[in-house]
Amino acid sequence: MAHIVILGAGTGGMPAAYEMKAAVGKQHEVTVINEKEDFQFVPSNPWIAVGWRERKEISIPLKKYLNRKNINFIAQRVNKIDAANSKLELANGDSVDYDYLVIATGPRLAFEEVEGSGPEGFTESICVTDHAEKAWASYQKMLEKPGPIVIGAMPFASCFGPAYEFAFIVDADLRKRKLRDKFPMTYVTSEPYIGHLGLGGVGDSKSMLESELRNHHIKWITNAKTTKVEDGKMFVDELNAAGETVQQHEVDFDFAMMLPAFKGVDAVAAVPDLCNPRGFVIVDELHRNPTYNNIFSAGVCIAIPPVEVTPVPTGTPKTGYMIESMVTSIVHNIADELAGKKPSTTATWNAICLADMGDTGAAFVAIPQIPPRNVAWFKKGKWVHLAKIAFEKYFIRKMKKGTSEPLYEKYILKLLGIERLD
């Protein structure tokens, strides 16, 4: 009997656990290890931060639902990965041996890279539910005393969609409260232009998102190298295409939400020859690490090169459909190896995303994610806003059910009238 351990229980780890158990059956053991006891649907965090959702609506207890599918669950932080001996050391002093390890931890939020940033500093975050709840508390205080708002992304950020989402969601919420005229808004981003998204743009994303920002009276600064944050003030160097500082900004704010740079979590980054310099797991086309053949990885925690060099460093996003494809690749390859077959399944790195904008939304498809592309499609409409709400409920319901089916492919591709993305 092989023991397959999945490290992380987010939007990659949970589907990986269900799909893995369905593939390997009773003859092999599957264990999920996660520091927190609850699964949280991260795409809903922007709604948490303006009070449109509560934690209980977007989270489920892991042990209850995993155990129903005969999947073990350990609620502990992993302090060390002894990859040479296939062993994990947990925060409580226990150790767990594995035959295969699937790393799906997500990132570490590197707030330390910009002095004064993060929930322990002067900016909010929506990357995890705890941070989104703190942002909601700060947002409520801000409503009592109107002032400038700053939203955006720091250097080395790689997931820009939530920043755009949050800017438009805040705009929509303030309009519903009939307070929008009291809150100047500025979007500050490390992207070289609006709509770059870490993808070199998708279809007409540049002009469409610029138009939306104008229509919603949101100013912007691109090529923004945020260098420091103080209480109520953000220091930003605006660079040109050559990477030279052309203007220095001191942007005042009463409320700021800035997505941070991502790095690999400490226990993963510390393993020799497992990761790149920023702590992201190096994988081959089978999503297996070249040094440790029994370690696989999927999701935000893997190393993918930037789509292009930008004046301010930006990373490549890993969207839900792409992560789902990675997970399926890993499951098939481990199952094949256990069955004595040669692993051969590769992931399709295509980007597909539904981005909420408060009372409307934008959808994009990039096939493949890295250009040149066969398909570059970007559309806007209220149907996207409604579709994302429906997908949230659909995904959480399926996590409770313990489904092993490909959720993004079944739901979003059908919604867009696309049969497959490969």
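None of the values given here were measured: they were computed from a predicted structure.

Peer 1: Explain the overall build of the protein chain here, please?
Peer 2: Counting its regular elements, the protein chain contains 11 helices and 22 strands. For 422 residues, the compact-globule estimate of 2.2 N^0.38 gives 22 Å, and the protein chain sits close to it at 21 Å. The dimensions of the protein chain, computed from C-alpha atoms along their principal axes, are 65 × 45 × 40 Å. For the protein chain, buried positions account for 57% of its 422 residues. In the protein chain, of all internal contacts separated by at least 6 residues, the share reaching a separation of at least 24 is 65%. For the protein chain, the accessible area works out to roughly 17,400 Å², and carbon and sulfur atoms hold 49% of it.

Peer 1: How should I be thinking about helix H7 (residues 205-215) in this particular structure?
Peer 2: Because an α-helix completes one turn every 3.6 residues, residues spaced three or four positions apart along the sequence face the same direction. The complete set of buried residues in H7 reads Ser 205, Leu 209, Glu 210, Glu 212 and Leu 213. Projected onto a plane normal to the axis of H7, the buried residues spread over an arc of 160 degrees and lie on a single side. Those residues of H7 that are buried are in contact with helix H6 (161-176), strand S13 (218-221) and strand S22 (375-380).

Peer 1: Which parts of the structure should I look at to understand the sheet that holds S22?
Peer 2: Backbone hydrogen bonds hold the strands of a sheet together, and the pairing may be parallel or antiparallel. With respect to topology, three strands assemble into an open sheet ordered S20-S21-S22, the strand pairing being antiparallel. Looking along the sheet, the strands with just one partner apiece sit at the ends: strand S20 (351-356) and S22. Pairwise comparison of adjacent strand axes, ignoring direction, gives a mean angle of 5 degrees for this sheet. Pairing analysis gives six bridges linking S20 to strand S21 (residues 361-367), with the strands arranged antiparallel. The residue of S21 that forms the bridge with Ala 351 is Ala 366.

Peer 1: How should I be thinking about the packing of aromatic side chains in this particular structure?
Peer 2: Within a pair of aromatic rings, the relevant descriptors are the distance that separates the centres and the angle that separates the planes. The final tally for this structure, using the stated rule, is 11 aromatic pairs. Residues Phe 391 and Tyr 394 carry aromatic rings whose centres are separated by 6.0 Å and whose planes lie at 35 degrees to one another, so their mutual orientation is tilted. Of the two residues, Phe 391 and Tyr 394 both sit in helix H10 (residues 382-401), three residues apart, roughly one turn of that helix. A residue is classified by how much of its surface remains accessible, and Tyr 394, at 9% relative accessible area, is buried. On the basis of an interplanar angle of 65 degrees and a centroid distance of 5.8 Å, the ring pair of Phe 391 and Phe 395 is categorised as edge-to-face. Taken together, the residues Phe 391 and Phe 395, both in helix H10 and four residues apart, mark about one turn of the helix. Using a relative accessible area of 1% as the deciding quantity, one classes Phe 395 as buried. Put simply, the rings of Phe 39, Phe 41, Phe 391, Tyr 394 and Phe 395 pair up and form one aromatic cluster. Over the aromatic face of Trp 52 sits the side chain of Lys 176, whose NZ or CZ is 4.2 Å from the ring centroid.

Peer 1: I'm lost on the layout of surface pockets in this one. Help?
Peer 2: Empty space among the atoms becomes apparent when a probe as large as a water molecule is rolled across them. Taken as a whole, the second largest pocket holds about 290 Å³ of empty space. Here the residues of the lining of the second largest pocket sort into nine nonpolar, six polar and three charged.

Peer 1: What exactly am I supposed to notice about the pattern of salt bridges here?
Peer 2: Oppositely charged side chains may form a pair once their charged atoms are brought near each other. For the structure shown, the criterion picks out 24 salt bridges. Residue Arg 177 is joined to Asp 173 by a salt bridge in which the shortest nitrogen-to-oxygen separation is 2.7 Å. If you follow the salt bridges from partner to partner, you end up with Lys 36, Arg 55, Asp 130 and Glu 133 in one network.

Peer 1: It is not clear to me how the packing of helix H1 (residues 13-24) against helix H9 (residues 320-338) should be interpreted in this structure. Could you clarify?
Peer 2: Each pair of packed helices gets described by two things: the angle between the helix axes and the distance between those axes. Contact geometry of H1 with H9 gives a least axis separation of 9 Å together with a crossing angle of 30 degrees. Viewed along their axes, H1 and H9 adopt a mutual orientation that is roughly parallel. The hand of the H1/H9 crossing is right-handed. Of the residues in H9, those in contact with Pro 15, Ala 16, Glu 19, Met 20, Ala 23 and Val 24 of H1 are Val 327, Thr 328, Ile 330, Val 331, His 332, Ile 334, Ala 335 and Leu 338. A per-class count over the contact of H1 with H9 returns 11 nonpolar, two polar and one charged.

Peer 1: What is the right way to read unusual backbone geometry from this model?
Peer 2: Of note, the bond from Ile 367 into Pro 368 is cis; its omega dihedral lies within 30 degrees of zero at -10 degrees. Here Pro 368 shows up in the loop between S21 and S22. Not every positive phi belongs to a glycine, and His 217 is a case in point at roughly 60 degrees. Within the secondary structure, His 217 sits in the loop between H7 and S13. Here His 217 falls in the exposed class, since its relative accessible area comes to 65%. A positive phi angle, close to 50 degrees, is found at Asn 223, a residue other than glycine. Residue placement: Asn 223 occurs in the loop between S13 and strand S14 (224-230).

Peer 1: How should I be thinking about the environment of Gly 147 in this particular structure?
Peer 2: Following the sequence through the fold, Gly 147 ends up in the loop between helix H5 (129-144) and strand S11 (149-153). The class for Gly 147 is buried, based on a relative accessible area of 5%. Sequence-wise, Gly 147 and Phe 253 are 106 residues apart; in three dimensions their C-alpha atoms are separated by 6.8 Å. If we skip the residues at most four places from it in the chain, Gly 147 touches Lys 182, Phe 183, Pro 184 and Asp 254.

Peer 1: Would you explain H10 in this entry?
Peer 2: The first and last C-alpha atoms of H10 sit 29 Å apart over 20 residues, in line with the 28 Å expected at 1.5 Å per residue. The set of residues buried in H10 consists of Val 384, His 385, Ala 387, Lys 388, Phe 391, Glu 392, Tyr 394, Phe 395, Ile 396, Lys 398 and Met 399. Just beyond H10, the residue with positive phi is Gly 402, at close to 80 degrees.

Reading the values: the criteria
Residues numbered from 1 in each chain as written. Predicted model: local features only at pLDDT ≥ 70, side-chain atom pairs only at ≥ 80, totals over all residues. Heavy atoms only, no water. Helix = DSSP H or I, 4+ residues; strand = E, 2+ residues; numbered from the N terminus. Rg over C-alpha atoms; globule rule 2.2 N^0.38 Å. Buried < 20%, exposed > 50% of the residue type's maximum accessible area, 1.4 Å probe, protein only. Contact = heavy atoms within 4.5 Å. Areas by Shrake-Rupley, 256 points an atom, 1.4 Å probe, with all protein chains shown as cover. Arc of directions from axis to C-beta. Pairing = 2+ DSSP bridges. Axes fitted to C-alpha atoms, helices over the stretch in contact; angles between N-to-C directions. Phe/Tyr/Trp six-rings, centres within 6.5 Å; stacked < 30°, edge-to-face > 60°. Lys NZ or Arg CZ within 6 Å of the ring centre and 35° of its normal. 1 Å grid on protein atoms, 1.4 Å probe; cavity = no way out; pocket = protein on both sides within 12 Å on 5 of 7 lines; lining within 4 Å. Points joined across faces, edges and corners; volume = space filled by probe spheres on them. Nonpolar A, V, L, I, M, F, W, Y, C, P; charged D, E, K, R; others polar. Salt bridge = Lys/Arg side-chain N within 4 Å of Asp/Glu carboxyl O. Parallel < 35°, antiparallel > 145°, perpendicular 65-115°, else oblique. Left-handed = near helix turned anticlockwise from the far one by under 90°. Expected span 1.5 Å × (residues − 1).

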